[in-house]
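Each chain, letter by letter, is given below.
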Amino acid sequence: MHMKKHVARTNCHFCGYLCGLVATVEDGRVIALEPDPTRYPYDPQILAGCQRWRMNLDVLDSPRRVNHPLKRVGERGSGAWERVSWDAALDDIAVRLEALKDQHGPGTLASMIGGPHTSFWPLHRFMSLFGSPNNVGIGQICWNPRIWMDALTFGWTIEIDLTDETNTLLIWGTNPAESDNSVFWRHILKMAKGDATDIVVIDPRYTKAARLADVWLPIRPGTDCTLALALIHVVIAEDLIDHEFVREWCHGFDELCEHVRPFTPEHAEAVCGVPADDVRKVARLFARRPSALISGRGIDQIGRNVAPTHRARCILLAITGNLDRPGANCLAEPSEFVQELDLECTLENEDVLREHCLNTAHTPLQCYDGYDRIRSVMEPYGKRLPARYLTSAHPDLVLHAMESGQPYRIAALIVEATNPLLTYADTHRVYKALMGLDLLVVIDYYLTPTAQIADYVLPSAGAIERATFQAHGGVANFAYGGPAACAPYYERKTDYDIFRALACRLGQASRWPHETFEDACAATLEPTGMDWETYCEIGMCYQPPTYEKHLLPRDGADPMSAPRGFATTTGKVELASEALDCLGGERLPTPGENRRLCSADFVEERARDGWHHVELITGARKQPYNASMYLDNPRFRERYPAPLAEMSEETAADIGVAAGDTLAIATDKGEAYFKVALIDIRYGLIHVDYGWWHPEWDAADGRLGGMWESNVNVLTSCSLDQSEPMIGTWSYNALDCMAKKSDHELSWE
């Protein structure tokens with residue numbers, strides 16, 4: 001029999017970089033994969049050092065993949081399914097959604113989405129046109145705080161721009177060796193080998209990045225705002241500011257000077273647990289222009305301190321003149337391709353979405369009123385932020401609407417590419433709320449714990465079966481990805497195809513004019529003049545950065561017109577924020593209290609039984625895993641077989657545990673178990689892994705992959721009462737817990 005064989009470009013999808021691959025395809029089946037150094041990220045060393053891309057062939061035909069639509073036929077969570085056709089599944093889902101909408105209104109449908117193996121805007125478009133504002137994601141603890149605070153301070157978002165001229169690189173609350181491990185990390189390694197750039201790392205853990213640092217500040221979690229204000233204090237007190245930029249382009253400098261007066265290095269030493277002399281040293285290093293700062297989830301997930309820390313980060317960049325200059329942090333530009341705001345169709349149904357928005361009375365910025373206020377400032381400058389991310393519903397409010405029916409009942413949920421029973425705070429509450437839904441639909445590769453309690457599980461096309469177009473929410477003029485290597489195996493479908501088919505059943509057909517995702521991507525690219533074929537050939541659509549854009553003429557046709565300035569209420573960098581002031585927030589960043597998971601009575605009760613009250617952080621990225629993914633890879637599990645509770649030798653001695661012991665960790669919310677590991681981390685602090693479950697366990701055995709045993713989110717909370725007030729950010733990285741040695745035998749053993 002004649003076998004048809006060809007070579008196809010495609011992309012890995014096991015992290016956000018979507019590295020280029022070359023696939024050998026025979027009769028529609030991929031039989032071999034190799035790295036493609038001719039496309040983004042153009043560095044063969046990256047894939048040579050990556051353990052994930054080789055999984056692509058294995059997962060295409062993994063026995064654990066969901067290959068056909070499944071409908072629940074037994075009790076929820078019983079693991080009893082029947083295979084149904086796509087038409088039968090989508091017809092029934094559409095009918096049930098329409099009925100629930102008639103009964104409870106369009107807000108009755110919520111969604112939860114993750115990544116990196118998905119496209120966000122098709123779900124957002126579907127939800128917008130359905131009339132529901134209730135997309136729930138991790139935006140408030142990941143992307144949103146940085147985007148919001150950049151936009152309020154600078155009028156748009158910023159990106160790091162490392163060059164050979166960068167004097168100091170400040171890495172704050174992130175470990176690119178594990179969370180990035182790609183182009184950026186390679187650049188840092190190169191810098192560390194030279195003498196031109198000083199590296200500063202702020203992290204309570206002595207990470208791989210910290211090992212490269214000239215200065216490591218092992219900060220107490222959640223005190224980052226205090227440290228940032230102390231750095232600003234030193235810059236002002238020692239007259240290290242960029243006088244011309246501050247005088248001409250910064251608003252509120254005198255207010256700032258008065259505000260930071262109490263935040264001396266000695267105050268930071270007392271609060272943050274880092275030496276005052278090191279605070280001075282870091283401020284002096286960073287004030288050398290150009291310097292650059294990158295931050296991560298270490299400060300994205302500290303609850304009340306998130307927004308003020310990001311504001312202080314922005315202020316530090318501005319007053320030192322490390323803004324929109326080569327080798328520093330540069331203002332990005334809106335995308336020239338069709339922007340996310342237009343793809344998601346939010347503005348077409350904004351009145352309905354606003355009416356049903358749960359956030360409005362609780363998070364003044366993260367809601368449609370807040371978004372519109374900022375939009376009205378930015379639009380005259382030609383800048384339009386995406387709306388669905390920055391108005392996403394707070395999980396506490398969505399869970400409350402599921403539990404109580406107030407202010408209306410949320411009775412249906414679509415979950416795509418995420419596993420909320422493991423990755424959302426307060427697992428017991430999430431489980432109870434999801435078990436009470438009328439309709440739960442999960443779109444995924446596998447029968448995750450969340451999929452195991454669904455009414456429908458719809459099989460998603462995955463890596464190399466689907467085209468990719470990563471555009472970072474449209475806040476940068478940069479997209480990358482490429483074509484699928486093959487058609488989806490079995491009956492899998494792309495997320496675009498699923499939402500388009502469901503949308504057409506619910507009267508949205510006119511707003512889904514493109515039959516395929518590739519057609520939709522081609523239309524997205526049209527304003528750039530690049531066609532889909534060229535994009536697939538190159539692997540990216542990119543414009544290099546330009547600098548000092550605030551000095552460009554506002555009227556492009558008149559070079560003598562006034563400078564463009566910044567897209568803020570004052571046209572300047574707002575050190576003192578007029579926008580936050582109007583929304584009831586603080587003009588200048590002020591530290592807040594960390595979330596407490598353990599009540600005084602709980603601490604007293606457990607202490608009598610020999611438990612120890614300690615600080616807790618969670619969820620640091622660890623290669624080769626990514627959150628709750630890839631735990632079923634035998635090679636990965638051999639290397640990293642059990643979820644860990646990491647602490648210093650001194651902390652372990654205080655608690656009475658040794659490496660390899662089982663540690664019980666408890667809060668008012670619940671109890672979980674981990675293996676003890678000893679690392680270099682600040683005294684009195686425990687870091688625990690998150691996202692652990694048994695993908696290999698039978699989905700029909702009722703144990704939900706053992707998710708209750710070592711799931712840190714059994715301990716956490718997203719309640720609004722201790723969340724950041726403007727956006728609603730809860731905390732995973734500045735917590736407390738009770739800890740004690742346990743005789744519990746972990747299933748991982």
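Chemist: Which residues make up the packing of aromatic side chains, and what values go with them?
Modeler: Aromatic rings in a pair are described by how distant their centres are and how their planes are angled relative to each other. Scanning the model with the defined rule gives 29 aromatic pairs in all. With centroids separated by 5.5 Å and ring planes inclined at 80°, the aromatic side chains of Tyr-625 and Trp-692 adopt a geometry described as edge-to-face. One end of the pair, Tyr-625, is in the loop between β22 (612–618) and α27 (634–639); the other, Trp-692, is in the loop between β26 (685–688) and β27 (735–742), with 67 residues separating them in the sequence. In this pair, the class of Tyr-625 matches that of Trp-692, namely buried. Of the aromatic side chains, those joined through ring pairs into one cluster are Tyr-17, Tyr-40, Tyr-42, Phe-478, Tyr-480 and Tyr-542.

Chemist: Give me the pairing of β26: which residues, what numbers.
Modeler: Of the two faces of β26, the one holding Leu-685 and His-687 and the one holding Ile-686 and Val-688 are both buried throughout. Strand direction decides the pairing type here: strand β23 (residues 644–647) and β26, joined by 2 bridges, are antiparallel. By the bridge assignment for β26, Glu-646 is matched with His-687.

Chemist: Describe the sheet that holds strand β25 (residues 670–678), with residues and values.
Modeler: One closed barrel holds the 6 strands; their spatial order is β22-β26-β23-β25-β24-β27, and the pairing between them is mixed. When strand polarity is set aside, the average angle formed by the axes of neighbouring strands in this sheet is 45°. Packed on one face of the sheet, helix α26 (residues 600–608) meets β22, β24 (662–667), β25 and β27 and runs near 20° to β27.

Chemist: How would you explain the sheet that holds strand β3 (residues 29–35) if you had to name every residue and give the values?
Modeler: With respect to topology, 3 strands assemble into an open sheet ordered β1-β2-β3, the strand pairing being antiparallel. Among the strands making up the open sheet, the edge pair consists of β1 (5–11) and β3. Shown here is a sheet whose adjacent strand axes are inclined to one another by a mean of 30°, direction ignored. Strand direction decides the pairing type here: strand β2 (residues 20–26) and β3, joined by 6 bridges, are antiparallel. Considered in β3, the bridge of Val-22 is made with Glu-34.

Chemist: Can you break down the pattern of salt bridges residue by residue, with the values?
Modeler: Tallying each qualifying case throughout the model produces 56 salt bridges. Note that Glu-26 and Lys-5 form a salt bridge whose closest N and O atoms lie 3.6 Å from each other. On the criterion of sequence distance, the pair formed by Glu-26 in strand β2 and Lys-5 in strand β1 is long-range, its members being 21 residues apart. Measuring nitrogen to oxygen at the nearest pair gives 3.1 Å for the salt bridge that ties Arg-354 to Glu-350. Of this pair, Arg-354 and Glu-350 both sit in helix α17 (residues 350–355), 4 residues apart, which is roughly one turn of that helix. Its relative accessible area of 10% is what places Glu-350 among the buried residues. Here the salt bridges share partners, and the residues they tie into one network are Glu-350, Arg-354, Asp-369, Asp-372, Arg-375 and Glu-379.

Conventions adopted
Residues numbered from 1 in each chain as written. Predicted model: local features only at pLDDT ≥ 70, side-chain atom pairs only at ≥ 80, totals over all residues. Heavy atoms only, no water. Phe/Tyr/Trp six-rings, centres within 6.5 Å; stacked < 30°, edge-to-face > 60°. Helix = DSSP H or I, 4+ residues; strand = E, 2+ residues; numbered from the N terminus. Buried < 20%, exposed > 50% of the residue type's maximum accessible area, 1.4 Å probe, protein only. Pairing = 2+ DSSP bridges. Axes fitted to C-alpha atoms, helices over the stretch in contact; angles between N-to-C directions. Contact = heavy atoms within 4.5 Å. Salt bridge = Lys/Arg side-chain N within 4 Å of Asp/Glu carboxyl O.

Shape descriptors only; they carry no functional weight alone.
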